[in-house]
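Examining the three-dimensional arrangement
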Amino acid sequence: MKNNKETESSFLFGKRNYIIMLIGLAVIALGFILMAGGGSDDPNVFNPELYSWRRIRLAPTLVLIGFGIEIYAILANPKK
């Protein structure tokens, strides 16, 4: 016999968790975008922009912060 109750498909996380995850992914993507570039078209010419503050400090920090946000989104209680 079938139950009269319809089985509801429920997501593993709540809406709040998914929003936080999307924010974390955006921060990670921004970090990788800031890391890009800085190369030289001519391999015989060195471009010191490769070691700029943005690529060495800011971008990796943003990526790590993004991963921290992702971990928080996974561990956050979806019921709140």
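Predicted model, so just to flag it, every value in this text is computed and none were measured.

Concerning the overall build of the protein chain
A count of helical and extended segments in the protein chain gives 2 helices and 0 strands. By residue count, 24% of the 80 residues in the protein chain fall in the buried class. When the accessible surface of the protein chain is totalled, it reaches about 6,800 Å², and 65% of it is carbon and sulfur.

Structural notes on a nonpolar patch on the surface
Residues Phe46, Leu50, Tyr51 and Ile56 make up a contiguous nonpolar surface patch of roughly 430 Å² in combined accessible area. Along the chain, phenylalanine 46 turns up in the loop between α1 (15-35) and α2 (53-75).

Topic: the pattern of salt bridges
Summed over all chains, the structure comprises 1 salt bridge. Residues glutamate 49 and arginine 55 are paired through a salt bridge, measuring 3.7 Å at the closest nitrogen-oxygen approach. With a relative accessible area of 40%, glutamate 49 lands in the partly exposed category. By relative accessible area, arginine 55 is classed as buried at 10%.

Reading the values: the criteria
Residues numbered from 1 in each chain as written. Predicted model: local features only at pLDDT ≥ 70, side-chain atom pairs only at ≥ 80, totals over all residues. Heavy atoms only, no water. Helix = DSSP H or I, 4+ residues; strand = E, 2+ residues; numbered from the N terminus. Buried < 20%, exposed > 50% of the residue type's maximum accessible area, 1.4 Å probe, protein only. Areas by Shrake-Rupley, 256 points an atom, 1.4 Å probe, with all protein chains shown as cover. Patch = residues over 30% accessible without salt bridge, like charges linked within 9 Å, V, L, I, M, F, W, Y side chains within 5 Å. Salt bridge = Lys/Arg side-chain N within 4 Å of Asp/Glu carboxyl O.

By themselves, these are just geometric observations and shouldn't be taken as functional.
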